[in-house]
Amino acid sequence: MFLEFLKIPVGDPVAITFFMGYIAMFAASIFFFIERGSVDGKWKLSLLVSGLITFIAAVHYYYMKDFYVVTGENPTALRYIDWTLTVPLMCVEFYLLTKAAGAKTDLLWKLIGASVLMLVAGFIGEAFSDGSTAHSVKWGVISTVGYVYILYTAWYGEVANLAAGSGNDAVKSGVRALAWFVLVGWAIYPIGYMCMPGGWLNTSLGWDSTNVDLFYNIADAINKIGFGLVVYSIATSSSKEA
Ligand SMILES: *C/C=C(C)/C=C/C=C(C)/C=C/C1=C(C)CCCC1(C)C
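None of the values given here were measured: they were computed from a predicted structure. (Residues numbered from 1 in each chain as written. Predicted model: local features only at pLDDT ≥ 70, side-chain atom pairs only at ≥ 80, totals over all residues. Heavy atoms only, no water.)

1. Brief notes about the packing of helix α3 (residues 41-71) against helix α4 (residues 76-99)
Link 1 in the chain: In contact at an axis separation of 10 Å, α3 and α4 are set at 170 degrees when each is read in the N-to-C sense. Between α3 and α4, the angle falls in the class roughly antiparallel.
Link 2 in the chain: Tallied by class, the residues present in the contact of α3 with α4 amount to 19 nonpolar, four polar and three charged. (Axes fitted to C-alpha atoms, helices over the stretch in contact; angles between N-to-C directions. Helix = DSSP H or I, 4+ residues; strand = E, 2+ residues; numbered from the N terminus. Parallel < 35°, antiparallel > 145°, perpendicular 65-115°, else oblique. Nonpolar A, V, L, I, M, F, W, Y, C, P; charged D, E, K, R; others polar.)

Here it is, written out as C-alpha coordinates:
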(Lines give C-alpha, C1' and ligand atoms only; values in the text may rest on other atoms or scores of the structure.)
Protein backbone atom coordinates (compact mmCIF):
# COMPACT_ATOMS: atom_id res chain seq x y z
CA MET A 1 0.00 0.00 0.00
CA PHE A 2 0.96 3.62 -0.66
CA LEU A 3 1.51 4.51 2.95
CA GLU A 4 3.43 1.33 3.67
CA PHE A 5 5.61 1.98 0.68
CA LEU A 6 6.49 5.34 2.22
CA LYS A 7 7.10 3.55 5.54
CA ILE A 8 4.43 5.57 7.30
CA PRO A 9 2.63 3.45 9.86
CA VAL A 10 -1.04 3.65 8.90
CA GLY A 11 -3.13 5.01 11.74
CA ASP A 12 -0.25 6.89 13.37
CA PRO A 13 -1.28 10.54 13.29
CA VAL A 14 2.14 11.69 14.41
CA ALA A 15 3.82 10.00 11.44
CA ILE A 16 1.17 11.32 9.07
CA THR A 17 1.64 14.89 10.28
CA PHE A 18 5.40 14.58 9.89
CA PHE A 19 4.88 13.52 6.29
CA MET A 20 2.28 16.20 5.56
CA GLY A 21 4.40 18.82 7.27
CA TYR A 22 7.28 17.93 5.00
CA ILE A 23 5.20 18.24 1.81
CA ALA A 24 3.47 21.43 2.97
CA MET A 25 6.74 23.14 3.90
CA PHE A 26 8.26 22.11 0.61
CA ALA A 27 5.30 23.38 -1.45
CA ALA A 28 5.18 26.64 0.49
CA SER A 29 8.89 27.22 -0.19
CA ILE A 30 8.39 26.84 -3.93
CA PHE A 31 5.49 29.28 -3.74
CA PHE A 32 7.43 31.95 -1.82
CA PHE A 33 10.53 31.64 -3.98
CA ILE A 34 8.55 31.96 -7.20
CA GLU A 35 6.29 34.77 -5.96
CA ARG A 36 9.37 36.69 -4.88
CA GLY A 37 9.68 37.58 -8.56
CA SER A 38 6.33 39.37 -8.67
CA VAL A 39 6.57 41.75 -5.69
CA ASP A 40 8.22 45.18 -5.46
CA GLY A 41 11.96 45.25 -4.90
CA LYS A 42 11.70 46.33 -1.26
CA TRP A 43 9.65 43.21 -0.46
CA LYS A 44 11.89 40.67 -2.15
CA LEU A 45 14.07 40.13 0.90
CA SER A 46 11.00 39.49 3.09
CA LEU A 47 9.70 36.90 0.62
CA LEU A 48 13.12 35.28 0.48
CA VAL A 49 13.12 34.97 4.28
CA SER A 50 9.61 33.46 4.19
CA GLY A 51 10.82 30.87 1.70
CA LEU A 52 13.95 30.14 3.74
CA ILE A 53 11.88 29.54 6.88
CA THR A 54 9.71 26.91 5.19
CA PHE A 55 12.64 25.45 3.26
CA ILE A 56 14.78 24.97 6.38
CA ALA A 57 11.75 23.35 8.01
CA ALA A 58 11.19 21.08 4.98
CA VAL A 59 14.76 19.78 5.21
CA HIS A 60 14.37 19.09 8.93
CA TYR A 61 10.99 17.42 8.42
CA TYR A 62 12.56 15.14 5.84
CA TYR A 63 14.92 13.82 8.52
CA MET A 64 12.53 14.09 11.46
CA LYS A 65 9.85 11.93 9.82
CA ASP A 66 12.39 9.18 9.15
CA PHE A 67 13.80 9.46 12.64
CA TYR A 68 10.34 9.14 14.14
CA VAL A 69 9.26 6.26 11.91
CA VAL A 70 12.43 4.27 12.54
CA THR A 71 12.85 4.91 16.29
CA GLY A 72 9.33 5.82 17.42
CA GLU A 73 10.89 8.60 19.47
CA ASN A 74 10.70 12.40 19.42
CA PRO A 75 13.39 13.91 17.20
CA THR A 76 14.11 16.51 19.90
CA ALA A 77 17.56 17.58 18.72
CA LEU A 78 16.52 17.98 15.08
CA ARG A 79 13.42 19.86 16.20
CA TYR A 80 15.37 22.38 18.20
CA ILE A 81 18.02 22.82 15.49
CA ASP A 82 15.18 23.64 13.09
CA TRP A 83 13.63 26.15 15.53
CA THR A 84 16.98 27.73 16.36
CA LEU A 85 17.31 28.63 12.70
CA THR A 86 13.70 29.45 11.85
CA VAL A 87 12.49 31.39 14.90
CA PRO A 88 15.26 34.02 14.58
CA LEU A 89 14.31 34.29 10.90
CA MET A 90 10.76 35.05 12.01
CA CYS A 91 12.23 37.83 14.16
CA VAL A 92 13.96 39.06 11.00
CA GLU A 93 10.52 39.27 9.36
CA PHE A 94 9.30 41.58 12.13
CA TYR A 95 12.43 43.66 11.77
CA LEU A 96 12.18 43.95 7.97
CA LEU A 97 8.51 44.94 8.14
CA THR A 98 9.18 47.74 10.61
CA LYS A 99 12.54 48.82 9.24
CA ALA A 100 11.09 51.47 6.95
CA ALA A 101 9.34 52.90 10.02
CA GLY A 102 12.68 53.22 11.82
CA ALA A 103 13.43 49.83 13.41
CA LYS A 104 17.07 49.53 14.47
CA THR A 105 19.10 46.36 14.53
CA ASP A 106 19.06 46.35 18.34
CA LEU A 107 15.35 45.50 18.10
CA LEU A 108 16.29 42.49 16.01
CA TRP A 109 18.94 41.40 18.53
CA LYS A 110 16.56 41.74 21.45
CA LEU A 111 14.01 39.55 19.69
CA ILE A 112 16.66 37.01 18.74
CA GLY A 113 18.00 37.03 22.31
CA ALA A 114 14.52 36.31 23.65
CA SER A 115 14.03 33.46 21.18
CA VAL A 116 17.37 31.92 22.11
CA LEU A 117 16.37 31.99 25.79
CA MET A 118 13.01 30.44 24.91
CA LEU A 119 14.57 27.67 22.83
CA VAL A 120 17.60 26.83 24.97
CA ALA A 121 15.40 26.52 28.05
CA GLY A 122 12.87 24.42 26.13
CA PHE A 123 15.64 22.15 24.86
CA ILE A 124 17.05 21.61 28.34
CA GLY A 125 13.52 20.93 29.55
CA GLU A 126 12.99 18.20 26.97
CA ALA A 127 16.40 16.72 26.19
CA PHE A 128 17.62 16.52 29.78
CA SER A 129 14.31 15.51 31.30
CA ASP A 130 14.47 13.12 34.26
CA GLY A 131 10.74 12.57 33.91
CA SER A 132 10.00 14.81 36.88
CA THR A 133 7.40 17.56 36.94
CA ALA A 134 9.87 19.86 38.70
CA HIS A 135 12.31 19.74 35.78
CA SER A 136 9.63 20.17 33.14
CA VAL A 137 8.01 23.10 34.91
CA LYS A 138 11.24 24.90 35.80
CA TRP A 139 12.56 25.01 32.24
CA GLY A 140 9.09 25.57 30.80
CA VAL A 141 8.70 28.69 32.94
CA ILE A 142 12.16 30.04 32.00
CA SER A 143 11.33 29.45 28.33
CA THR A 144 8.03 31.25 28.72
CA VAL A 145 9.86 34.41 29.83
CA GLY A 146 11.43 34.62 26.35
CA TYR A 147 8.11 33.88 24.71
CA VAL A 148 6.27 36.57 26.66
CA TYR A 149 8.94 39.11 25.77
CA ILE A 150 8.39 38.50 22.04
CA LEU A 151 4.64 38.52 22.55
CA TYR A 152 4.79 41.82 24.42
CA THR A 153 7.05 43.42 21.81
CA ALA A 154 4.71 42.40 19.00
CA TRP A 155 1.53 43.58 20.74
CA TYR A 156 2.52 46.59 22.86
CA GLY A 157 6.25 47.13 22.56
CA GLU A 158 8.59 48.44 19.89
CA VAL A 159 7.27 46.38 16.98
CA ALA A 160 3.68 47.45 17.64
CA ASN A 161 4.66 51.12 18.05
CA LEU A 162 6.76 51.20 14.91
CA ALA A 163 3.99 49.57 12.88
CA ALA A 164 1.45 52.06 14.25
CA GLY A 165 3.66 54.95 13.21
CA SER A 166 4.58 53.53 9.81
CA GLY A 167 1.74 55.25 7.96
CA ASN A 168 1.34 52.13 5.87
CA ASP A 169 -1.96 50.30 6.33
CA ALA A 170 -0.66 47.05 4.89
CA VAL A 171 2.22 47.04 7.40
CA LYS A 172 -0.11 47.95 10.28
CA SER A 173 -2.59 45.17 9.64
CA GLY A 174 0.17 42.73 8.66
CA VAL A 175 2.13 43.24 11.88
CA ARG A 176 -1.11 42.85 13.82
CA ALA A 177 -1.77 39.55 11.99
CA LEU A 178 1.74 38.32 12.85
CA ALA A 179 1.14 39.32 16.47
CA TRP A 180 -1.98 37.11 16.44
CA PHE A 181 0.12 34.22 15.17
CA VAL A 182 2.53 34.73 18.06
CA LEU A 183 -0.36 34.85 20.55
CA VAL A 184 -2.46 31.94 19.28
CA GLY A 185 -0.29 29.87 16.94
CA TRP A 186 2.83 29.92 19.11
CA ALA A 187 0.78 29.04 22.19
CA ILE A 188 0.29 25.56 20.72
CA TYR A 189 3.97 24.74 21.43
CA PRO A 190 3.81 24.91 25.22
CA ILE A 191 0.73 22.65 25.03
CA GLY A 192 2.84 20.06 23.21
CA TYR A 193 5.68 20.55 25.69
CA MET A 194 3.35 19.75 28.58
CA CYS A 195 2.70 16.29 27.12
CA MET A 196 6.24 15.14 27.87
CA PRO A 197 6.87 12.80 30.81
CA GLY A 198 6.34 14.83 33.98
CA GLY A 199 4.56 17.57 32.03
CA TRP A 200 1.26 18.89 33.35
CA LEU A 201 -0.92 17.37 30.63
CA ASN A 202 1.02 14.12 30.87
CA THR A 203 0.45 13.72 34.58
CA SER A 204 -3.07 15.20 34.72
CA LEU A 205 -4.67 13.89 31.51
CA GLY A 206 -2.34 11.00 30.78
CA TRP A 207 -1.39 12.40 27.38
CA ASP A 208 1.76 10.63 26.34
CA SER A 209 4.92 12.00 24.85
CA THR A 210 4.08 11.13 21.22
CA ASN A 211 1.57 13.98 21.44
CA VAL A 212 4.48 16.38 21.79
CA ASP A 213 5.26 15.99 18.10
CA LEU A 214 1.63 16.03 17.06
CA PHE A 215 1.23 19.50 18.56
CA TYR A 216 4.58 20.71 17.26
CA ASN A 217 3.86 19.49 13.72
CA ILE A 218 0.47 21.18 13.57
CA ALA A 219 1.83 24.38 15.10
CA ASP A 220 4.78 24.50 12.70
CA ALA A 221 2.54 24.21 9.65
CA ILE A 222 0.23 26.96 10.91
CA ASN A 223 2.97 29.31 12.00
CA LYS A 224 5.67 28.94 9.39
CA ILE A 225 3.38 28.86 6.38
CA GLY A 226 0.94 31.34 7.95
CA PHE A 227 3.68 33.88 8.76
CA GLY A 228 4.93 33.63 5.19
CA LEU A 229 1.47 34.14 3.75
CA VAL A 230 0.89 37.25 5.87
CA VAL A 231 4.18 38.69 4.66
CA TYR A 232 3.21 37.77 1.12
CA SER A 233 -0.13 39.53 1.39
CA ILE A 234 1.48 42.69 2.83
CA ALA A 235 3.94 42.63 -0.05
CA THR A 236 1.32 42.15 -2.76
CA SER A 237 -1.14 44.69 -1.39
CA SER A 238 1.47 47.40 -0.96
CA SER A 239 3.09 46.55 -4.28
CA LYS A 240 -0.25 47.30 -5.93
CA GLU A 241 -0.65 50.62 -4.07
CA ALA A 242 2.75 51.85 -5.20
C1 LIG B 1 8.80 27.58 13.50
C2 LIG B 1 8.89 27.35 14.87
C3 LIG B 1 8.34 28.12 15.84
C4 LIG B 1 7.51 29.34 15.55
C5 LIG B 1 8.53 27.69 17.19
C6 LIG B 1 8.06 28.29 18.27
C7 LIG B 1 8.28 27.71 19.54
C8 LIG B 1 7.78 28.16 20.72
C9 LIG B 1 6.92 29.38 20.81
C10 LIG B 1 8.07 27.38 21.91
C11 LIG B 1 7.75 27.73 23.15
C12 LIG B 1 7.98 26.98 24.40
C13 LIG B 1 7.46 27.55 25.55
C14 LIG B 1 6.80 28.89 25.56
C15 LIG B 1 7.53 26.87 26.89
C16 LIG B 1 7.84 25.41 26.77
C17 LIG B 1 8.98 25.15 25.86
C18 LIG B 1 8.72 25.64 24.43
C19 LIG B 1 10.11 25.77 23.81
C20 LIG B 1 7.93 24.57 23.68
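This is not the end of the story, as more comes after the structure.
2. A short note on the site of the ligand
Link 1 in the chain: Around the ligand sit 18 residues in total, of which Trp83, Met118, Ser143, Tyr189 and Lys224 are the nearest.
Link 2 in the chain: In isolation the ligand exposes 520 Å². Once the protein is present, 99% of that is buried.
Link 3 in the chain: Mapped by element, the contributors of at least two residues to the shell around the ligand are α4, α5 (105-127), α6 (133-155), α9 (188-193) and α11 (210-241). (Near = heavy atom within 4 Å. Areas by Shrake-Rupley, 256 points an atom, 1.4 Å probe, with all protein chains shown as cover.)

3. Observations concerning the packing of α5 against α6
Link 1 in the chain: Put simply, α5 and α6 touch, their axes get as near as 8 Å, and they point 160 degrees apart. The angle between α5 and α6 places the two elements in the roughly antiparallel class. For the pair α5 and α6, the sense of crossing is left-handed. On α6, the residues touching Leu107, Lys110, Leu111, Ala114, Ser115, Leu117, Met118, Ala121, Gly122, Ile124 and Gly125 of α5 are His135, Trp139, Ile142, Ser143, Val145, Gly146, Tyr147, Tyr149, Ile150 and Thr153.
Link 2 in the chain: Its residues placed into classes, the contact of α5 with α6 shows 13 nonpolar, seven polar and one charged. (Left-handed = near helix turned anticlockwise from the far one by under 90°. Contact = heavy atoms within 4.5 Å.)

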